[in-house]
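Secondary and tertiary structure notes
Here is what each chain is made of, one letter per residue.
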Amino acid sequence: MRKENSIMVVQGDILEVYFALENISVDTIDKVFFTCEKKGLQIECVYDAQAGEFALSLSSADTSDLLIGADGYDLTALLKDGNYFTLVYDGAFSVLEKKN
């Protein structure tokens, strides 16, 4: 897992992470997905035109049921021509235990 692509959330907290894409035009992208198979997640990231980035958002309810620990995640773009492009491969996604 690559440290520079690390995401951490405390179990039961909200999570909002923005991804700035490099080396690919946003105009060629149909959808972007965050996938963490071991945690059973595949979430479509929403494009924020004002920020020029894709946002991953999880509610408190979404994170409260996630298993504690670190696993890998991928960020994948589905291009308008039907092809896929992996933006992040095996980034670190950690869920931390809520202690208080």
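Placed above this text is the structure.
The rules behind these values
- Residues numbered from 1 in each chain as written.
- Predicted model: local features only at pLDDT ≥ 70, side-chain atom pairs only at ≥ 80, totals over all residues.
- Heavy atoms only, no water.
- Core = buried A, V, L, I, M, F, W, Y, C linked by side-chain atoms within 4.5 Å.
- Buried < 20%, exposed > 50% of the residue type's maximum accessible area, 1.4 Å probe, protein only.
- Helix = DSSP H or I, 4+ residues; strand = E, 2+ residues; numbered from the N terminus.
- Salt bridge = Lys/Arg side-chain N within 4 Å of Asp/Glu carboxyl O.
- Polar contact = N/O pair within 3.5 Å; in protein donor to acceptor, adjacent residues only side chain to side chain.
- Contact = heavy atoms within 4.5 Å.
- Pairing = 2+ DSSP bridges.

Here the focus is the nonpolar core. Membership of the largest hydrophobic core comes to 25 residues, with the highest contact counts inside it found for Ile-7, Phe-19, Phe-34, Tyr-73 and Phe-93. Elements that contribute at least two residues to this core include exactly β1 (2–10), β2 (15–19), β3 (29–36), β4 (41–48), β5 (53–58), β6 (69–79) and β7 (84–96).

For the rest of this paragraph, the subject is the pattern of salt bridges. Applying the stated criterion across every chain, the model contains two salt bridges. A salt bridge links Lys-98 to Asp-13; its shortest N-O distance comes to 3.1 Å. Residue Lys-98 is found in the segment after β7, and its partner Asp-13 is found in the loop between β1 and β2; the two are separated by 85 residues along the sequence. Judged by relative accessible area, which is 27%, Asp-13 ranks as partly exposed. The residue Lys-39 makes a salt bridge to Asp-71 at a minimum N-O spacing of 2.7 Å. Within this pair, whereas Lys-39 is found in the loop between β3 and β4, its partner Asp-71 is found in strand β6, the two being separated by 32 residues in sequence. For the pair Lys-39 and Asp-71, a shared accessibility class is recorded, and that class is buried.

Right, let's get into the side chain of Gln-11. Residue position: Gln-11 is located in the loop between β1 and β2. A distance of 3.5 Å separates the side chain of Gln-11 from the backbone oxygen of Ser-64, its partner in a polar contact. Setting aside residues up to four positions removed in sequence, Gln-11 forms contacts with Thr-63, Ser-64, Leu-66, Ile-68, Val-95, Leu-96 and Lys-98.

Glancing now at the side chain of Lys-39. Owing to a relative accessible area of 11%, Lys-39 belongs among the buried residues under this scheme. Not counting chain neighbours up to four residues away, the residues in contact with Lys-39 comprise Leu-66, Leu-67, Ile-68, Gly-69, Asp-71, Phe-93 and Val-95.

This next bit is on the pairing of β2. Burial along β2 is one-sided: Leu-15, Val-17 and Phe-19 are buried, and none of Glu-16 and Tyr-18, which face the opposite way, are. Bridge count between β2 and β5: five bridges; the pairing is antiparallel. Across the sheet, residue Val-17 finds its bridge partner in β5, namely Leu-56.

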